[in-house]
Amino acid sequence: MNRASFLQRILECRDPWDIAVVGGGATGVGIAVDAASRGYRVALLEQSDFGKGTSSRSTKLVHGGVRYLQQGNISLVMEALRERGLLLQNAPHLVHDLQFVVPNYAWWEAPFYGIGLKVYDTLAGKFGFGASKLLSRDEVLERIPTLERDGLRGGVLYHDGQFDDSRLLINLAQTAAEQGACLLNYARVTGLVKDAEGFLTGLSLHDQETGQEHRLAARCVINATGPFCDELRRSDDPVAAPMIAPSQGVHIVLSRDFLPRDTAIMVPHTRDGRVMFAIPWHHHVVVGTTDTPIQTVSLEPKPLEHEVDFILETASGYLARRPTRRDILSVFTGIRPLVKAGDHSSTAALSRDHTIHISKSGLLTITGGKWTTYRKMAEDCVDHAMVLGRLAERPCATKDLHVHGFHRRAEQFGPLADYGSDAVGLEELIRARPDFATPLHEALPICGAQVVWAARCEMARTVDDVLARRTRALFLNAKAALAMAPAVARLLATELGRDEAWQQRQLAEFADIVSGYVVTA
Ligand SMILES: Cc1cc2nc3c(=O)[nH]c(=O)nc-3n(C[C@H](O)[C@H](O)[C@H](O)COP(=O)(O)OP(=O)(O)OC[C@H]3O[C@@H](n4cnc5c(N)ncnc54)[C@H](O)[C@@H]3O)c2cc1C
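Residues numbered from 1 in each chain as written. Predicted model: local features only at pLDDT ≥ 70, side-chain atom pairs only at ≥ 80, totals over all residues. Heavy atoms only, no water.

Novice: Please clarify how the packing of aromatic side chains should be interpreted in this entry.
Specialist: We describe a pair of aromatic rings using the distance from one ring centre to the other and the angle between the two ring planes. Inspection of every chain in the model, using the stated rule, returns eleven aromatic pairs. Relative to tyrosine 158, the ring of tyrosine 120 has its centre 6.1 Å away and its plane inclined at 85°; by these criteria the two rings are edge-to-face. Taken together, the residues tyrosine 120 in helix 5 (residues 109–124) and tyrosine 158 in strand 6 (residues 154–162) connect sequence positions 38 residues apart. Just as tyrosine 120 is buried, tyrosine 158 falls in that class too. Each residue in the set Phe100, Tyr120, Tyr158 and Phe277 is aromatic and connected to the rest through ring pairs, giving one cluster. Against the face of tryptophan 281 rests lysine 60, its NZ or CZ located 5.0 Å from the ring centre. In this structure, arginine 167 packs its charged tip against the face of tyrosine 419, placed 4.2 Å from the ring centre. (Phe/Tyr/Trp six-rings, centres within 6.5 Å; stacked < 30°, edge-to-face > 60°. Helix = DSSP H or I, 4+ residues; strand = E, 2+ residues; numbered from the N terminus. Buried < 20%, exposed > 50% of the residue type's maximum accessible area, 1.4 Å probe, protein only. Lys NZ or Arg CZ within 6 Å of the ring centre and 35° of its normal.)

Novice: What is the right way to read the site of the ligand from this model?
Specialist: Close to the ligand lie 37 residues; Thr27, Glu46, Ser55, Leu61 and Thr372 are nearest. At 2.7 Å from an oxygen atom of the ligand is found a side-chain nitrogen or oxygen belonging to threonine 27. Here leucine 61 contributes a backbone N or O atom positioned 2.7 Å from a nitrogen atom of the ligand. Here the ligand loses 96% of its free accessible area of 1000 Å² to cover by the protein chains. Breaking the shell around the ligand down by element, the ones donating at least two residues are helix 2 (26–37), strand 8 (187–194), strand 11 (247–255) and strand 16 (330–336). Considered class by class, the residues forming the shell around the ligand number twelve nonpolar, 19 polar and six charged. (Near = heavy atom within 4 Å. Polar contact = N/O pair within 3.5 Å; in protein donor to acceptor, adjacent residues only side chain to side chain. Areas by Shrake-Rupley, 256 points an atom, 1.4 Å probe, with all protein chains shown as cover. Nonpolar A, V, L, I, M, F, W, Y, C, P; charged D, E, K, R; others polar.)

Novice: Is there a simple way to explain the pattern of salt bridges in this structure?
Specialist: As a working rule, side chains carrying opposite charge can pair if their charged atoms are close by. In this structure the tally under the stated criterion is 38 salt bridges. Here arginine 38 makes a salt bridge to aspartate 34, at a shortest N to O gap of 2.6 Å. The network of salt bridges with common partners includes Asp49, Lys52, Arg57, Glu300, Asp464, Asp465, Arg469 and Arg470. (Salt bridge = Lys/Arg side-chain N within 4 Å of Asp/Glu carboxyl O.)

Novice: Looking at this model, I keep getting lost on helix 4 (residues 74–90). Mind explaining?
Specialist: An α-helical turn contains 3.6 residues, so a residue and the one three or four places further along point in the same direction. Its 17 residues place the ends of helix 4 24 Å apart at the C-alpha level, agreeing with the 24 Å of an ideal helix rising 1.5 Å per residue. Within helix 4 the residues assigned to the buried category are Leu76, Val77, Ala80, Leu81, Glu83, Arg84, Gly85, Leu86, Leu87 and Asn90. Considering only its buried residues, helix 4 is in contact with strand 3 (61–62), helix 3 (66–70), helix 5, strand 6, helix 7 (165–178) and helix 10 (374–388). (Expected span 1.5 Å × (residues − 1). Contact = heavy atoms within 4.5 Å.)

Novice: Just to check I follow, could you spell out the packing of helix 15 (residues 478–496) against helix 16 (residues 500–514) for this structure?
Specialist: Any two packed helices are characterised by the angle at which their axes cross and by the distance between the axes. It is the contact of helix 15 with helix 16, at a shortest axis distance of 10 Å, that shows an interaxial angle of 155°. If you check the angle between helix 15 and helix 16, you find them roughly antiparallel. As for how helix 15 packs across helix 16, the hand of that crossing is right-handed. Note on element contacts: helix 16 touches helix 15 through Trp502, Gln503, Leu507, Phe510, Ala511 and Val514, opposite Ala478, Ala481, Leu482, Ala485, Pro486, Ala489, Arg490, Leu492, Ala493 and Leu496. For the contact of helix 15 with helix 16, a count of residues per class yields 14 nonpolar, one polar and one charged. (Axes fitted to C-alpha atoms, helices over the stretch in contact; angles between N-to-C directions. Parallel < 35°, antiparallel > 145°, perpendicular 65-115°, else oblique. Left-handed = near helix turned anticlockwise from the far one by under 90°.)

Novice: Help me understand the pairing of strand 6 in this model?
Specialist: Side chains on a regular strand alternate between the two faces of the sheet. Burial within strand 6 is extensive, with nine of its nine residues counted as buried. Covered by surrounding structure in strand 6 are Gly154, Val156, Tyr158, Asp160 and Gln162 together with Gly155, Leu157, His159 and Gly161, the residues of both alternating faces. Of the pairings in the sheet, the one linking strand 3 to strand 6 comprises two bridges and is antiparallel in character. Each bridged residue has a counterpart across the sheet, and for valine 62 the counterpart in strand 6 is glycine 161. Across nine bridges, the pairing between strand 4 (residues 96–104) and strand 6 is antiparallel. Directly across from valine 102, in strand 6, lies its bridge partner valine 156. Note that strand 5 (residues 133–136) and strand 6 share four bridges and pair antiparallel. In the sheet register, leucine 134 faces strand 6, and the bridge partner there is valine 156. (Pairing = 2+ DSSP bridges.)

Novice: Just to check I follow, could you spell out unusual backbone geometry for this structure?
Specialist: Across residues other than glycine, the phi torsion is negative in most instances, and most of the peptide bonds are trans. Of the consecutive residues glycine 288 and threonine 289, the connecting peptide bond is found in the cis state with omega at 15°. When you line up the elements, threonine 289 lands in the loop between strand 14 (284–288) and strand 15 (292–293). The residue histidine 282 is not glycine, and still its phi comes out positive at about 45°. The residue histidine 282 is located in the loop between strand 13 (276–281) and strand 14 in this model. Positive phi, normally seen in glycine, also occurs at arginine 390, with a value near 50°. Structurally, arginine 390 is set in the loop between helix 10 and helix 11 (423–432).

Novice: What's the story with the nonpolar core in this structure? I'm lost.
Specialist: Formed by 65 residues in total, the largest nonpolar core has its most connected members in Ile19, Leu203, Leu216 and Ile222. Those residues in contact with leucine 216 that lie beyond four places of it in its chain are Ile10, Trp17, Ala20, Ala43, Leu45, Thr201, Gly202, Leu203 and Leu205. In this structure, Val286, Val451, Val463 and Ala480 belong to the second largest nonpolar core, which totals 46 residues. (Core = buried A, V, L, I, M, F, W, Y, C linked by side-chain atoms within 4.5 Å.)

Novice: What's the story with the packing of helix 2 against helix 7 in this structure? I'm lost.
Specialist: Remark: helix 2 packs on helix 7, axes separated minimally by 8 Å, with the N-to-C direction vectors making an angle of 25°. Taken together, helix 2 and helix 7 sit at an angle that is classed as roughly parallel. Once helix 2 is placed against helix 7, the crossing between them reads as left-handed. Judged by residue contacts, Ala26, Val29, Ala32, Val33 and Ala36 of helix 2 engage Leu169, Leu172, Ala173, Thr175 and Ala176 from helix 7. Across the contact of helix 2 with helix 7, the residue classes tally to nine nonpolar, one polar and no charged.

Shown next as structure tokens:
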């Protein structure tokens, strides 16, 4: 993963690429893995960093979606449960089993959720993570001692998957590169190129680092820009009707004291009829999410006051110690690329399935779906691209493809476990430079070796890339991330050959980003 050599490849390429993918989130990078592993020549362009959009801002669940079961969407749940199993098989260093408890305060909840979750187990079939079961009040409190005790009758325990979304994304980008794909971050697609008959033949891109414009020819162009997909569709066809009804989801992050053991809480029905989770993640607790329809999409969506208050209020109904704004270490917001399906007033009712659309000029847009099903989405998309681009027919090869970093016992690497087999490389780096092992902040176990590794092996280009997506500092503790920024800027500047002025600009830009993750008391 080296940006300069990827750019060189794009500039020197004379023949059209088989497939050009616009967008470096789960959807786009998944497509690059699929297409490259079938043997196609693939270029992927991301306007910012890989995962800067929704794909680093999820609830971090690899799940069938208990809520979709409530909605009766059995096929979606079954497909997601199958993909959940494949993801655990192919990326065991990043995906693990997590136990959830649905706490019961009313008499009918144990039979109702107990039966529903048995159906969930059955649908998972051989891809099951473990059987659900009813728990007594004492068993629930043993797992979640911080739960509200007043009126608690018992609970239902079930299993689902958990992961680190942006770490998986970076590992998928590395997998795509290993399969021969060419991936460029900080490369914004600014226009589409058509022939005399109006058919797409390629695109133009703006290198955000140098300010230069380039062109790239491709047999098939895929719009995988998630919540931004209507923008690119309008540059193809100015009167294209919008496909997306964007809605934003907010999570707050609290200290581990609020959920000290390894079991998560699932609240199946909040005041607005949604599911809410409180999940242990990287020694913190993630609580969310909300669902607010929005008009405009941006790369750094901001939480609304009432969304934060709603999460605090819902969490307070279930936690003995009520969290307040002062307890929030970070707040992050993501935009759901929900596909419009008729005239629904509630975003919770919009389709969670993915949709593929091909325009008259041949622009293939794929959107919707969820992180868990990225592999299946990519398979469907490349099957269509193969026909559209008149490419030689080749079968999908990702069902058993190990993701970069694959390691069955990664927990042996301690704080570097999420790097899987790459942890060995980081340990070597630390042996050569023991000073790189020192944590950059007392609140988080993130060290200099991770910054250097991110620059050398994971195409990190900015302080934000390192602190938000190569490590998760910004998402875990925004003020600690800000305090680490000068050390990160110095290490990055050495790796990337940047000067003092660059470091100062980076720090100012990062401080601006951090302000969107801090909640005022
Ligand atoms: C709050 C929330 C919680 C969620 N939780 C879960 C969960 O727990 N589990 C799960 O399975 N799913 C979850 N999802 C869904 C999942 O996160 C998304 O479906 C998925 O990340 C969408 O990926 P994407 O690649 O389509 O979009 P994105 O990740 O947004 O990627 C699109 C990319 O396109 C780039 N782009 C846009 N325009 C251009 C251009 N002109 N040129 C180049 N690049 C461009 C953007 O910069 C962006 O990086 C959640 C979603 C939200 C919002």
